[in-house]
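# Structural description and commentary
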Amino acid sequence: MSRWLGTWLFAGLTAMGCATTGALQNDVYRGAQTTYRIGDVSSEWTPVTVDDHNDLAWHSDAKEAVMHVDTNCDPALDIPLKALRGHLLIGFTDREVIDDEVVPMYGREALRTHLIAKLDGVPREIVLQILKKNDCVYDFGLITPPGEAFESALPDFDQMVSGFTTDVGSS
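Source: prediction; values computed, not measured. (Residues numbered from 1 in each chain as written. Predicted model: local features only at pLDDT ≥ 70, side-chain atom pairs only at ≥ 80, totals over all residues. Heavy atoms only, no water.)

Moving on, we come to the state of the cysteines. The tally for this structure, following the rule as stated, stands at 1 disulfide. Residue pairing for Cys73: its cysteine sulfur links by disulfide to Cys136, the two sulfurs lying 1.9 Å apart. The sign of the S-S torsion, about 105°, decides the handedness of the disulfide formed by Cys73 and Cys136: right-handed. Here the residue Cys73 occupies a position in strand S6 (residues 65–73), and Cys136 occupies one in strand S10 (residues 136–144), the gap between them amounting to 63 residues. (Disulfide = S-S within 2.5 Å. Helix = DSSP H or I, 4+ residues; strand = E, 2+ residues; numbered from the N terminus.)

Structural data, given as structure tokens:
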């Protein structure tokens with residue numbers, strides 16, 4: 001049951017805009033709009049696809065968590081990071097922001113938000129990190145039940161995000 005709930009919640013989290021579809025090989029994603037590298041994702045995370053609404057997504061039964069990376073390359077998305085975050089949170093209610101900060105990421109400023117919110121009355125702990133670079137918006141998300149599940153999954157999410165770069169050779 002938790003697997004389907006997590007996937008359903010993930011679908012709600014990633015409902016913003018069009019997404020690309022591509023392939024991940026050796027931590028490098030190659031899609032129609034962009035190519036980038038991410039940090040290592042352990043084998044504890046199972047890749048999932050949710051109606052082509054993500055570049056990359058994973059689910060961990062053990063951690064009751066989902067995490068994702070999505071890209072949208074469109075010059076019209078040159079809007080403030082907080083407005084982009086608002087799109088990602090459509091459908092979530094009772095939002096309690098725990099931390100909201102601008103963090104350095106790949107030579108730019110990224111918005112990182114940690115919050116607890118509900119979707120259809122079900123509480124979830126979420127971290128979103130959003131970066132704009134070269135007409136593309138990259139959003140990274142982690143969603144879990146609040147508390148221990150979040151604390152367990154957060155290091156994996158941070159490892160994946162910390163390896164992000166668009167400087168990818170043609171290998």
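Turning our eyes to something else, we now look at the sheet that holds strand S2 (residues 28–31). With respect to topology, 3 strands assemble into an open sheet ordered S1-S2-S3, the strand pairing being antiparallel. Looking at the sheet topology across the chains shown, the edges are occupied by strand S1 (22–25) and strand S3 (35–37). Looking at each pair of strands side by side, their axes are set apart by 15° on average, direction ignored. In the sheet, S1 pairs with S2 via 4 bridges, with the strands oriented antiparallel. The residue of S2 that forms the bridge with Gly22 is Gly31. (Pairing = 2+ DSSP bridges. Axes fitted to C-alpha atoms, helices over the stretch in contact; angles between N-to-C directions.)

Strands sit in the order S4-S5-S6-S10-S9-S8-S7 across an open sheet of 7 strands; the sheet is antiparallel. In the strand order of this sheet, the two ends are held by strand S4 (46–47) and strand S7 (93–105), each with one partner. With 5 bridges connecting them, strand S5 (residues 56–60) and S6 associate as antiparallel partners. By the bridge assignment for S6, His59 is matched with Val66. Sheet strands touched by helix H2 (residues 81–88): S7, strand S8 (108–119), strand S9 (122–133) and S10. Its angle to S9, the strand with the most contacts, is close to 140°. Sheet strands touched by helix H3 (residues 148–162): S5, S6, S7, S8, S9 and S10. Its angle to S10, the strand with the most contacts, is close to 155°. (Contact = heavy atoms within 4.5 Å.)

Counted according to the given criterion, the structure contains 6 aromatic pairs. An angle of 90° between the planes, with centres 5.7 Å apart, marks the rings of Tyr36 and Tyr138 as edge-to-face. One end of the pair, Tyr36, is in strand S3; the other, Tyr138, is in strand S10, with 102 residues separating them in the sequence. Since its relative accessible area comes to 3%, Tyr138 is described here as buried. Between Phe140 and Phe164, the ring centres sit 5.4 Å apart and the planes meet at 80°, which makes this aromatic pair edge-to-face. Residue Phe140 is located in strand S10, and its partner Phe164 is located in the segment after H3; the two are separated by 24 residues in the primary sequence. Among the residues examined, Phe140 registers a relative accessible area of 0% and is labelled buried. Judged by its relative accessible area of 5%, Phe164 is buried. Taken together, the ring pairs in this structure connect Tyr29, Tyr36, Tyr106, Tyr138, Phe140 and Phe164 into an aromatic cluster. (Phe/Tyr/Trp six-rings, centres within 6.5 Å; stacked < 30°, edge-to-face > 60°. Buried < 20%, exposed > 50% of the residue type's maximum accessible area, 1.4 Å probe, protein only.)

For S6, a buried count of 8 out of 9 residues is recorded, marking the element as mostly surrounded by other parts of the structure. Sheet analysis places S6 next to S10, joined by 8 bridges and oriented antiparallel. Counterpart to Val66 in the pairing with S10 is Ile143.

Everything listed is a geometric property; what it means functionally is a separate question.
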